[in-house]
Amino acid sequence: MELTLWTYEGPPHIGAMRIASSMKGVHYVLHAPQGDTYADLLFTMIERRGQRPPVTYTTFQARDLGGDTAELVKGHIREAVDRFKPEALLVGESCTAELIQDQPGSLAKGMGYEIPIISLELPAYSKKENWGAAETFYQLVRGLLKDSPKSESEHNPSKWKTEGRRPRVNLLGPSLLGFRCRDDVLEVQKILAHHGIDINVVAPLGAAPADIIRINEADANICLYPEIAESTCIWLERNFGHPYTKTIPIGVGATNDFLNEIHQLLGMELPKQEEEDGSQSRLTWYSKSVDSNYLTGKRVFIFGDGTHVLAASRIAHKELGFEVVGLGTYSREMARKVRDAAKELGLEALITNDYLAVEEAIKESAPELVLGTQMERHSAKRLGIPCAVISTPMHVQDVPARYSPQMGWEGANVIFDDWVHPLMMGLEEHLIGMFRHDFEFTDGHQSHLGHLGGHSTEKETKAPSFYQEKVQSSRPEHFPHWTPEGESELAKIPFFVRGKVRKNTEKYANQIGCKEIDGETLLDAKAHFNA
Amino acid sequence: MSGASLLKETGPREVFCGLTSIVWLHRRMPDAFFLVVGSRTCAHLIQSAAGVMIFAEPRFGTAILEERDLAGLADAHEELDRVVKNLLTRRPEIRTLFLVGSCPSEVIKIDLARAAERLNSQFNGKVTILNYSGSGIETTFTQGEDGALKAFVPLMPSSDKKQLLLVGTLANAVEDRLITIFKRLGIENVDSFPPRQSTELPSIGPETKVLLTQPYLTDTARVLKDRGAEILPAPFPLGVEGSRLWIEAAAKSFNVDQSLVTSTLEPLILRARKALKPYIEKLTGKKLFLLPESQLEIPLARFLHMECGMELLEIGTPYLNRDMMKPELDLLPDKTRIVEGQHVEKQLDRVRKNQPDLVVCGMGLANPLEAEGFSTKWSIEMVFSPIHGIDQASDLAELFSRPLHRHDLLNTKQLTST
Ligand code: SF4
Ligand code: SF4
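Residues numbered from 1 in each chain as written. Chains lettered and ligands numbered in written order. Predicted model: local features only at pLDDT ≥ 70, side-chain atom pairs only at ≥ 80, totals over all residues. Heavy atoms only, no water.

A.B. asks: Sorry, what's going on with the overall build of chain A here?
C.D. replies: When helices and strands are tallied, chain A shows 25 helices and 16 strands. In chain A, buried positions account for 60% of the 531 residues. Sequence separation of 24 or more characterises 72% of the internal contacts of chain A that already satisfy a separation of 6 or more. As presented, chain A carries roughly 22,000 Å² of accessible surface, and 51% of it is formed by carbon and sulfur atoms. (Helix = DSSP H or I, 4+ residues; strand = E, 2+ residues; numbered from the N terminus. Buried < 20%, exposed > 50% of the residue type's maximum accessible area, 1.4 Å probe, protein only. Contact = heavy atoms within 4.5 Å. Areas by Shrake-Rupley, 256 points an atom, 1.4 Å probe, with all protein chains shown as cover.)

A.B. asks: Can you help me understand the domain arrangement of chain B in this one?
C.D. replies: Size of an interface: often given as the accessible area lost when the parts come together. All names here are of chain B. Entries for chain B in the domain assignment read domain 1 (18-139), domain 2 (163-259) and domain 3 (272-413). Using C-alpha coordinates to define each centre, domain 1 is positioned 29 Å away from domain 2. Taken together, the 9 residues of domain 1 in the interface contact 12 residues of domain 2. Carbon and sulfur atoms supply 47% of the area buried between domain 1 and domain 2, which totals about 800 Å² over both sides. Its largest share of buried area at the contact with domain 2, domain 1 owes to Arg 28, Met 29 and Asp 31, together 68% of the area lost on that side. For the pair domain 1 and domain 2, the number of links is 1 salt bridge. A salt bridge links Glu 175 to Arg 28; its shortest N-O distance comes to 2.6 Å. At the boundary of domain 1 and domain 2, one finds 6 residue pairs in polar contact (both at pLDDT 80 or more). With 3 residues, helix H1 (residues 22-28) is the largest single contributor of residues to the side of domain 1 that touches domain 2. The class makeup of the residues in the side of domain 1 that touches domain 2 is 5 nonpolar, 1 polar and 3 charged. (Domains from an automatic or database assignment. Buried area = accessible area lost by both parts, 1.4 Å probe. Salt bridge = Lys/Arg side-chain N within 4 Å of Asp/Glu carboxyl O. Polar contact = N/O pair within 3.5 Å; in protein donor to acceptor, adjacent residues only side chain to side chain. Nonpolar A, V, L, I, M, F, W, Y, C, P; charged D, E, K, R; others polar.)

A.B. asks: Sorry, what's going on with the pattern of salt bridges here?
C.D. replies: Side chains bearing opposite charge may pair, as long as their charged atoms lie close to each other. Within the structure shown, the criterion is met by 48 salt bridges over all chains. With a shortest N-O distance of 3.0 Å, Asp211(A) and Arg214(A) are connected by a salt bridge. As a salt-bridge pair, Glu175(B) and Arg196(B) come within 2.8 Å of each other at their nearest N and O atoms. Of this pair, Glu175(B) sits in helix H8 (residues 172-184) while Arg196(B) sits in the loop between strand E7 (190-193) and strand E8 (208-212); the two residues are 21 residues apart in sequence, bridging distant segments of the chain. Judged by relative accessible area, which is 4%, Glu175(B) ranks as buried. Here Arg196(B) falls in the partly exposed class, since its relative accessible area comes to 29%. What emerges from the salt-bridge pattern is a single network uniting Arg83(A), Asp349(B), Arg352(B) and Glu372(B).

A.B. asks: Is there a simple way to think about the packing of aromatic side chains in this case?
C.D. replies: Aromatic ring pairs are defined here through the distance separating the ring centres and the angle between the ring planes. In this structure the tally under the stated criterion is 16 aromatic pairs over all chains. Ring plane angle 65° and centroid distance 5.5 Å describe the contact between Phe16(B) and Phe141(B), whose orientation is recorded as edge-to-face. Pair noted here: Phe16(B) is in the loop between strand E1 (5-9) and H1 and Phe141(B) is in the loop between strand E5 (128-133) and helix H7 (143-152), with a separation of 125 residues, a long-range link. In this structure, Phe16(B) and Phe141(B) share a single accessibility class: buried. Taking 6.2 Å as the distance between ring centres and 85° as the angle between the ring planes, the aromatic pair formed by Trp24(B) and Phe384(B) counts as edge-to-face. Of the two residues, Trp24(B) is situated in helix H1 and Phe384(B) in helix H16 (residues 380-384); the sequence distance between them amounts to 360 residues. Under the relative-accessibility criterion, Phe384(B) is labelled partly exposed at 28%. Pairwise contacts between aromatic rings join Trp6(A), Tyr8(A), Phe303(A), Tyr330(A) and Tyr355(A) into one cluster. One cation-aromatic arrangement involves Lys246(A) over Tyr244(A); the distance from NZ or CZ to the ring centre is 3.9 Å. When the ring centre of Phe254(B) is taken as reference, the NZ or CZ atom of Lys162(B) above it lies at 4.9 Å. (Phe/Tyr/Trp six-rings, centres within 6.5 Å; stacked < 30°, edge-to-face > 60°. Lys NZ or Arg CZ within 6 Å of the ring centre and 35° of its normal.)

A.B. asks: Where do I start with the UniProt feature "binding site: [4Fe-4S] cluster" in chain A in this structure?
C.D. replies: The residues that UniProt annotates with the feature "binding site: [4Fe-4S] cluster" are Asp36(A). When you line up the elements, Asp36(A) lands in the loop between strand E2 (26-31) and helix H2 (40-46). With a relative accessible area of 8%, Asp36(A) lands in the buried category. Those residues in contact with Asp36(A) that lie beyond four places of it in its chain are His13(A), Tyr57(A), Ser94(A) and Thr41(B). (UniProt positions renumbered as here; feature names shortened; annotations may be inferred.)

A.B. asks: Could you clarify how one ought to interpret the interface of chain A and chain B in this entry?
C.D. replies: Opposite the 57 residues of chain A that make contact, chain B presents 64 residues. For the pair chain A and chain B, the summed buried area comes to about 5,300 Å², and 60% of that belongs to carbon and sulfur atoms. For the chain A face of the interface with chain B, the top three residues by lost area are Met1(A), Arg52(A) and Tyr125(A), together amounting to 18%. Between chain A and chain B we count 3 salt bridges in total. Here Glu345(B) and Arg52(A) are joined by a salt bridge, their closest N and O atoms 3.2 Å apart. For the pair chain A and chain B, the interface holds 22 residue pairs in polar contact (both at pLDDT 80 or more).

A.B. asks: Hey, could you run me through the site of ligand 1 in this one?
C.D. replies: Near ligand 1 lie 13 residues; those nearest to it are Gly35(A), Asp36(A), Cys17(B), Cys42(B) and Cys103(B). Elements that contribute at least two residues to the shell around ligand 1 include exactly helix H2 (40-50) and helix H5 (103-107) of chain B. The residue makeup of the shell around ligand 1, split by class, is 7 nonpolar, 5 polar and 1 charged. (Near = heavy atom within 4 Å.)

A.B. asks: Please clarify how the environment of Pro33(A) should be interpreted in this entry.
C.D. replies: Here Pro33(A) is to be found in the loop between E2 and H2. Using a relative accessible area of 1% as the deciding quantity, one classes Pro33(A) as buried. Each residue touching Pro33(A), except ones within four places of it in the same chain, is listed here: Thr59(A), Phe60(A), Ser94(A), Thr96(A), Cys103(B), Gly136(B) and Ile137(B).

A.B. asks: What am I meant to see in the sheet that holds strand E2 (residues 32-38) of chain B here?
C.D. replies: Within a beta sheet, neighbouring strands are joined by backbone hydrogen bonds and run either parallel or antiparallel to one another. Spatial ordering of the open sheet is given by E1(A)-E3(B)-E2(B)-E4(B)-E5(B), a layout of 5 strands whose pairing is mixed. Only two strands of the sheet have a single neighbouring strand rather than two, namely strand E1 (2-4) of chain A together with E5 of chain B. Sheet twist, expressed as the mean angle between neighbouring strand axes with direction ignored, is 25°. In this sheet, E5(B) lies alongside strand E4 (residues 96-101) of chain B in parallel orientation, the contact comprising 6 bridges. Within E5(B), the residue paired with Leu99(B) across the bridge is Asn131(B). Sitting on the sheet, H2(B) touches E1 of chain A together with E2 and strand E3 (60-64) of chain B, and the angle it makes with E3(B) is about 160°. Relative to E5(B), H7(B) is tilted by about 140°, and along the sheet it contacts E4 and E5 of chain B. (Pairing = 2+ DSSP bridges. Axes fitted to C-alpha atoms, helices over the stretch in contact; angles between N-to-C directions.)

Here is the structure:
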């Protein structure tokens, strides 16, 4: 049993719903009790969709359990097929139905329908949403392509040359309730079109079963969201010989690498101008602009899904000149990659589902900016640290009306703005530094962006709360203690660097074995770290 | 019984399960904690329905069952004890802990009553541990509150004092207001259930007269009756008339002089009618369709018809307790179509055919209906908003006229061109 107050991912059948709802002509019969219908609101309210997800729930009740639930399932399947006339039917169960073992998938297959029926077995007590989405997409593609001739030895990604046509690729992985997927697809499509590469199929987002059947007419696959499409890409490679891209084009460097990779896969030459790094995105120049000097070494903490944290750590470190002080993910499937990335930065990755553990880690590493999910936004707010959201789980705020991709050149521009705006701008930070003795720039200074500005983290820690107590009690006995004089010296330091100074001073005091921190210790520490 | 035509429907439903009522119960009793023993789905449901992220310290959580808990039931009990102990050490301020049953815990038959008993003896009075079911195979939406209150009843002290007990969660301000009105009528002993602190349970006995404030408390009403209380039959306190009849039911039972009742309520009623006026103009003649969800559908429809002049196309309700609803049904016009249960697809077909001006529905259905051109109102808003009592009647009407107003604002061109 795991105690959760909040969870980053829903159960696996929510992942299946994401695939079904992303597509056209697919219907999902879900054996589930009535309360599970709440899931519709994820699509109709959070994603603001004007259609209900194409899901028929059997909504069985306790009194049905004594009788023939199998008949009930069949009745719902029959009605759903008659009413919605899908081109393909997904059949599965939620956690409760899994326990009563009706096997709705085989029931459906026995009903004699002509349409393809994909039976989903998504273990609800051990797996989660992204896994469920990946498995559903994989089962669906496999189910629809099972009669296609296998041709792995013959597939040649450069065949377009001899056939006298433009190369074409599939974009795999974008789905509803994915972070900015809608705009990512447009952006990647735009970039590929610019390079003379056509899109064969985008799936699951917007695809119909008939499109899935055309998947192997492409020269190569682009795995846009490995959480959802990697297992499918691997299967397509194994069965049809389709190569797929491994780079996710988020950030200037990654977009370049991605273009290189796809050109190579297709046997194309990358035009020279692309190689001049980042001429296409403003991020590169904005980051070099003198105003951005203040970004140097800003301490950032990164947490979210695997794909977005990997991209974020590269951008933070290589393109914005930040110092990454924490890196983690809730995507266990991507734990290895995230661990490797963390190691390269000299960090240990945080792989967890527990948002309180993430909050503790944020506090411990005292960052100046958090890049996280909506939950980290709340944690950061409590700690008085600015935050930008980079990953699912979805919140209505993450479905903006404006065009705001994360991928490609425009994505890099969006990221620059989204990450930098929660911070003070360079010019401002300089001015406040220069005028810090002015009465206007005392502790009360608050950001119009809502971060706690003057509220220092230490004030927050005084609020009684169980997880904070837990943090304190886990601190070692010899943890240095601030004298009132030390505290008042610390208070003179501008708030935006105070957290860092506190942290460094404590680290220094620990190193030299000093138990009490006064004003002198603070100055010693400053000298020590400057030296 | 009235001339309403009562129909039953079965098929796919689109209703929240009883777990959802945790969302308002935890606000009512800040010293209580609600621990769902369930699956990741249950956790995701409360998170999605409650917008958990807005609470820094939610007073509810889920003990998520995992593969190994399913394997051996004895272990599940040990695991539950461990989780509860952890929780209570981390949150020493908790006075009452509700173990809330879910579909999975019921299907695999985890005996939460036994678990509560065991944990109660371990915690020895420091914390009270109770259990009830909020599962979707047993309960819909608001029925969870019924379960939670019913679990409290055996703990209520007995008393022979003559008193009025208001039963059902109300907004604090509304409750204070209603109690003031009863005091003006000379009814001094008024208590409410659930209390604002889980440890301050009201007493109960043969001289207790109960006024239900919410229509979904069937089981609670029954066990209160078993403790000797008298449930006063009345419509529910929504709208001017409903509230007046509801207050009068208590006044009658406490032998309050009718002239005092009239002189106390009349000014309130006049003021409320005046406040209602602009909304009546907006609502009158408009066609209303209520999909089943909160159990408030019948009293709401009665108010919107009787006092606001709306035309009732259909009233859906998840289940119908004919006894408890009789005073409401009597006030409805003949042939009002009341549908108990649901077949969501057929119901939506009827919505499309009947072309209502306003649809009251669950959160999952609202935007798709808006996209088809219907104005909608979320049912769940009614269980969060202070809508009870004479003084709130105009606020209640405003909730329904706002979507129509908005519709006019945004569709003026369309309206004038037709
Ligand atoms: S319907 Fe059952 S399984 Fe689903 S959320 Fe409600 S209690 Fe949990
Ligand atoms: S808080 Fe003040 S200084 Fe900072 S960004 Fe807002 S307005 Fe500018």
